[in-house]
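The lines below spell out each chain.
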2 protein chains.
Amino acid sequence: MQFQLTTDFLSTIEQLISVKDGNKLRELLQELHFADIAEILEELGSDDATYLIKLLESDLTSEALMELDDDVREKILNRLSPLEIAGELQEMDSDDAADVVAELDDDIQKEVIDQIEDEELAADIVDLLRYDEDTAGALMAKELVQVKETWTVAGCVREMRRQAENVTRVHSIYVTNKEGKLTGRLSLKDLLTAGEKTKIAEVFIPKVDYVTVHTENEEVARIMQKYDLEAIPVVDEDGVLVGRITIDDIVDFIKEEAERDYQMAAGISEDVEADDSVWQLTRARLPWLVLGLFGGLGSVYIMKGFEEALNSFPVLFFFTPLIAAMAGNVGVQSSAIIVQGLANDNVKGSLFNRLVKEVGLALINGCALGLLVILFGYAVGQDDLVSITIAVSMLSVIIVAALIGTFVPIILDKRGIDPAIATGPFITTSNDIFGIFLFFYIAKLILGF
Amino acid sequence: MQFQLTTDFLSTIEQLISVKDGNKLRELLQELHFADIAEILEELGSDDATYLIKLLESDLTSEALMELDDDVREKILNRLSPLEIAGELQEMDSDDAADVVAELDDDIQKEVIDQIEDEELAADIVDLLRYDEDTAGALMAKELVQVKETWTVAGCVREMRRQAENVTRVHSIYVTNKEGKLTGRLSLKDLLTAGEKTKIAEVFIPKVDYVTVHTENEEVARIMQKYDLEAIPVVDEDGVLVGRITIDDIVDFIKEEAERDYQMAAGISEDVEADDSVWQLTRARLPWLVLGLFGGLGSVYIMKGFEEALNSFPVLFFFTPLIAAMAGNVGVQSSAIIVQGLANDNVKGSLFNRLVKEVGLALINGCALGLLVILFGYAVGQDDLVSITIAVSMLSVIIVAALIGTFVPIILDKRGIDPAIATGPFITTSNDIFGIFLFFYIAKLILGF
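Basis of the calculations
- Residues numbered from 1 in each chain as written.
- Chains lettered and ligands numbered in written order.
- Predicted model: local features only at pLDDT ≥ 70, side-chain atom pairs only at ≥ 80, totals over all residues.
- Heavy atoms only, no water.
- Axes fitted to C-alpha atoms, helices over the stretch in contact; angles between N-to-C directions.
- Helix = DSSP H or I, 4+ residues; strand = E, 2+ residues; numbered from the N terminus.
- Left-handed = near helix turned anticlockwise from the far one by under 90°.
- Contact = heavy atoms within 4.5 Å.
- Nonpolar A, V, L, I, M, F, W, Y, C, P; charged D, E, K, R; others polar.
- Least-squares fit on C-alpha atoms with pLDDT ≥ 70 in both.
- Patch = residues over 30% accessible without salt bridge, like charges linked within 9 Å, V, L, I, M, F, W, Y side chains within 5 Å.
- Areas by Shrake-Rupley, 256 points an atom, 1.4 Å probe, with all protein chains shown as cover.
- Salt bridge = Lys/Arg side-chain N within 4 Å of Asp/Glu carboxyl O.
- Lys, Arg positive; Asp, Glu negative; His and termini not counted.
- Charge placed at Lys NZ, Arg CZ, Asp CG, Glu CD.
- Buried < 20%, exposed > 50% of the residue type's maximum accessible area, 1.4 Å probe, protein only.
- 1 Å grid on protein atoms, 1.4 Å probe; cavity = no way out; pocket = protein on both sides within 12 Å on 5 of 7 lines; lining within 4 Å.
- Points joined across faces, edges and corners; volume = space filled by probe spheres on them.
- Pairing = 2+ DSSP bridges.
- Buried area = accessible area lost by both parts, 1.4 Å probe.
- Polar contact = N/O pair within 3.5 Å; in protein donor to acceptor, adjacent residues only side chain to side chain.

Undergrad: An account of the packing of helix 20 (residues 351–379) of chain A against helix 17 (residues 278–305) of chain B is requested, with residue identities and associated values reported.
TA: With their axes 10 Å apart at the nearest point, helix 20 of chain A and helix 17 of chain B run at an angle of 35 degrees to one another. Note that helix 20 of chain A runs across helix 17 of chain B; the crossing there is right-handed. Here K357, E358, L361, I364, N365, A368, L369, L372, V373 and F376 of chain A of helix 20 of chain A come into contact with helix 17 of chain B, specifically with V278, L281, T282, R285, L286, L289, V290, L293, L297 and Y301 of chain B. Taken together, the residues of the contact of helix 20 of chain A with helix 17 of chain B sort by class into 15 nonpolar, 2 polar and 3 charged.

Structure (structure tokens):
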């Protein structure tokens, strides 16, 4: 039953746009879900997409616009007049409308807001633009269903009908006192079962989770997930109810965060997708490769310092990729677990205990792997002392790599820096350098070249 | 306003448990949210946690049990009798209850189900256990609000009040025909605004997104995200409405999937957390390190094959960590973008176009990095031919690494294997080996040693 965008359907659309057959297009598209319209817009050229946006009803296109990638939406908005943009905003919830306005150039923002007919919406947008990007204030919508403690159930249902006009989905009904301060919530179930004349004050639940306009998105997501909330009310500094955040925004946020962390760990510094341009992809990838290059050149210098080993123990140089790989892999493992633990807020206990644990873990892994190296050496008839040297230095490298991988993110986090930057290329590069130095240093001590 | 678990509070609890002061504990804990109770249970020993589970009301503890990590819950359930477990299940939604039963040993499952008083719930659990783990059938709950097309609005409200008793939150009201087949949905808004005598058939929305019991979880998550749904109905093979899936389950699923992919990319094969035991962490990490070790030993062999270069161009051996790092980094970048693209279903277009794009990207990155290598060689007075050799082979390695990183996941995906296994250690290890071989092979061609 799901809509599946086929190349055939897409070329039909493109064909109809090229001959400007508006009626046929409306007929084909008007019944589709906005998310499907968005999928089609993503595949079209910007001019064709803009044509469709102007052609179809705003209630459909405004929602579709919100589903688009930022860069696709930007291209389309650049092709619309302030009046046309205002027409789209008119159909949006205040949080979406404010997001769109925030993306516009400063000089157009005012023009667009002036063109919005609905004065309440325009005021809401201006209000929402005041808040910092990563806070509940910027994420919330102003539309919500709000009732006063002093009302009766019947009055409440009447008022709810009126308010519900503006609210896409009713999640919860929030209860406020005379001053508009949030005092509780009302379940639909209770409302359905209470008598008509009952006062809200008697049936409402005086306990309600909330966040303030300054709460960071990450914290909002954590609370909503922990308590399985589908919407959470937002209050201002004085406790006055000013908006609500719904779970669909949080789902998007969680997904974006996860993708960003994943990309950061893979050495991709900007939000890119497989279908972005070669230039965008280069910009996101090249800086990390340059970092890796400098790391590699650093290793060259370290090995030059141990050049004399080339005469007596050239075989050591065959093992450097192995040492570097071990240092890198262990570092990435340790940092990934810590970064995830920090994000989920379950890195507890003292730093000393963690140190003991990481060293213990590294010892177990290192000894197991060292044994394999010695067995390998034995099997290929390698000098025993060389095998032991490699095993011992690999064990040391694994311990150091685990400690770097664990404590660099923790230190960054304590200093308020996103620990995710310490995953991926950053940790592999620094561990490569440390690892190779340690390897040759220990080899020199044992083998004495 | 958020609950914050302090060590002080925790030791108070532990103290009270040790003296078995049930009244004081109930007083302290009864008012907390189940998610906070779960947080406390996670920190306690299994015996203490079990004591609390038995002490507190089942409506609180049953929800708290569902918030626990699988391994913590397993330890507690092992300490409860079948009757006690049945008591907890009694308070759960059918989907949660079925999940718990599925975790029990086979011989206890039947005993527990037999002890459940609510026969409808017991039947629902047995029914839900039939479905494959990763499908909508296993994820859905049987509780939902269902009305018939033929009812009036007034009858509908009456029936809803009755059904709502069993449903924690009313998301949507689903409409079915005589045979119980899903035919549409009803919005609360329409119900609030329609006249009492109106027939449901006149006001319901005959268009509704749904999935079948056999739809995979990943697809359910994709649909719910794409269409911003908070709940989706599930139908059986005949189109009969049998359950619904709510967004909170999907949020958990999305998060788990993201964490699993992230860990897989970091070379961690089981779902572990920073606070797991050293043994669990070793089991999750060691296999990938062994893979890396074999890769490293492979490189040793490759270099042995090019041993004669030691006499004339020993400097080449200083560059192997750099080549390996480049091959690894490029491979991880390419595979991360493709794996993410495949998950989000936005890897489109022909394989040939993708090949051209990846080669183009690798050429740009490779040339930029090669230039830096040549500049470096010039600065340190390295033989020009050696610098050019390194630059050219690095460029080739980058191209090959990008192709492996891109096409291995695509091929795996086409064969129905999770492409995420081709990220992380797997791709770095194979790229290390290919890279080092290619490097020496090209060096041999150019320098002729």
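Next comes the rest of the write-up.
Undergrad: Which residues make up the relation of the copies chain A and chain B, and what values go with them?
TA: Least-squares fitting of chain A to chain B yields an RMSD of 0.1 Å, with the superposition described by an axial translation of 0.0 Å and a rotation of 180 degrees. As the rotation angle and translation indicate, the two copies are arranged about a two-fold axis. Judged by C-alpha distance, P321 of chain A is the residue of chain A that lies nearest the rotation axis, at 2.6 Å. The fraction of interface residues of chain A whose copies in chain B are also interface residues reaches 98%, indicating that both copies meet through the same surface.

Undergrad: Kindly report on unusual backbone geometry, identifying the contributing residues and their values.
TA: If you check the backbone angles, D228 of chain A has positive phi at about 50 degrees while not being a glycine. If you check the backbone angles, K20 of chain B has positive phi at about 55 degrees while not being a glycine. Assignment of secondary structure puts K20 of chain B in the loop between helix 1 (7–18) and helix 2 (22–29).

Undergrad: So what's going on with a negative patch on the surface? Residues and values would help.
TA: All names here are of chain A. Taken together, the side chains of E42, D71, E74, D105, D106, D107, E111, D252, E256 and D271 define an acidic patch exposed on the protein surface. At the level of secondary structure, the elements contributing two or more residues to the negative patch comprise helix 6 (70–78), helix 9 (106–115) and helix 16 (247–265). The topology assignment puts D252 in helix 16. Given a relative accessible area of 36%, D252 falls into the partly exposed group.

Undergrad: Any details on the pattern of salt bridges? Residues and values, ideally.
TA: Residue and element names in this part refer to chain A. Taken as a whole and assessed by the stated rule, the structure comprises 29 salt bridges over all chains. Across the pair E84 and K54 runs a salt bridge whose closest N-O atoms are separated by 3.8 Å. A residue pair is termed long-range when its members are at least 10 positions apart, and E84 in helix 7 (residues 82–89) and K54 in helix 4 (residues 46–55) qualify at 30 residues. On the basis of relative accessibility, which here comes to 47%, the residue K54 falls in the partly exposed class.

Undergrad: Give me the lowdown on empty space enclosed by the protein, citing residues and values where you can.
TA: Scanning the model with the defined rule gives 9 cavities of 30 Å³ or more in all. Secondary-structure elements contributing two or more residues to the lining of the largest cavity are helix 16, helix 19 (320–343) and helix 22 (425–447) of chain A together with helix 16 (247–265), helix 17, helix 19 (320–343) and helix 22 (425–447) of chain B. At 8 residues, the largest contribution of residues to the lining of the largest cavity is made by helix 19 of chain B.

Undergrad: Would you mind going over the pairing of strand 5 (residues 231–235) of chain B in detail, with residue names and values included?
TA: Residue and element names in this part refer to chain B. Counted residue by residue, strand 5 has 5 buried out of 5 residues, so it is predominantly covered. Side chains of strand 5 alternate between two faces, with A231, P233 and V235 and I232 and V234 buried alike. Between strand 5 and strand 6 (residues 241–246), which follow one another and run antiparallel, lie 5 residues, and G239 among them has a positive phi close to 85 degrees.

Undergrad: So what about the sheet that holds strand 1 (residues 145–148) of chain B? Which residues, and what values?
TA: Residue and element names in this part refer to chain B. The sheet built from 3 strands is open, its strands ordered 1-2-3 with mixed pairing. The open sheet has two free edges, formed respectively by strand 1 and strand 3 (182–186), since each of these has just one partner strand. Each adjacent strand pair in this sheet contributes to an overall mean axis angle of 35 degrees, direction not counted. As paired strands, strand 2 (residues 173–176) and strand 3 are joined by 4 bridges and run antiparallel to one another. Note that in strand 3 the partner of Y174 across the bridge is R185.

Undergrad: Account for the environment of I446 of chain B, with residues named and values stated.
TA: Within the secondary structure layout, I446 of chain B lies in helix 22. As a C-alpha pair, I446 of chain B and A309 of chain B span 137 residues in sequence and 12 Å in three-dimensional space.

Undergrad: Tell me about the pairing of strand 6 of chain B, and name the residues and values.
TA: Residues and elements named next belong to chain B. Among the 6 residues in strand 6, 6 count as buried, and that is most of the element. The pairing of strand 5 with strand 6 spans 5 bridges and is antiparallel. Bridge pairing in strand 6 places V235 opposite L241.

Undergrad: Summarise the interface of chain A and chain B; cite the residues concerned and give the values.
TA: Facing 112 residues of chain A, the contacting portion of chain B comprises 110 residues. Here chain A packs against chain B, burying approximately 10,800 Å² in sum over the two surfaces, 62% of which is carbon and sulfur. Interface area lost by chain A to chain B is led by Y262, R285 and F318 of chain A, which between them contribute 8%. The tally of links between chain A and chain B comes to 4 salt bridges. A salt bridge links K226 of chain B to E39 of chain A; the shortest N-O distance between them is 2.3 Å. At the boundary of chain A with chain B, the tally comes to 21 residue pairs in polar contact (both at pLDDT 80 or more). If one sorts the elements of the side of chain A that touches chain B by residue count, helix 17 (residues 278–305) of chain A sits on top with 17 residues.

Undergrad: Which residues make up the side chain of E88 of chain B, and what values go with them?
TA: Residues and elements named next belong to chain B. One can find E88 in helix 7 (residues 82–90). Salt bridges are absent for the buried E88, whose nearest opposite-charge side chain, K54, sits at 9.9 Å. Side chain to side chain, E88 and T61 meet in a polar contact 2.7 Å long. For E88, the side chain forms a polar contact with the main-chain nitrogen of S62, separated by 3.2 Å. Aside from chain neighbours lying at most four places away, what touches E88 is I53, S58, T61, S62 and L65.

Undergrad: Lay out the sheet that holds strand 6 of chain B in plain terms, naming residues and giving numbers.
TA: Residues and elements named next belong to chain B. Taken in spatial order, the 3 strands of this open sheet run 4-5-6, and their pairing is mixed. At either margin of the open sheet sits one strand with a lone partner, and together these are strand 4 (211–212) and strand 6. The strands touched by helix 15 (residues 217–226) within the sheet are strand 4, strand 5 and strand 6, with strand 5 carrying the most contacts at an inclination of about 135 degrees.

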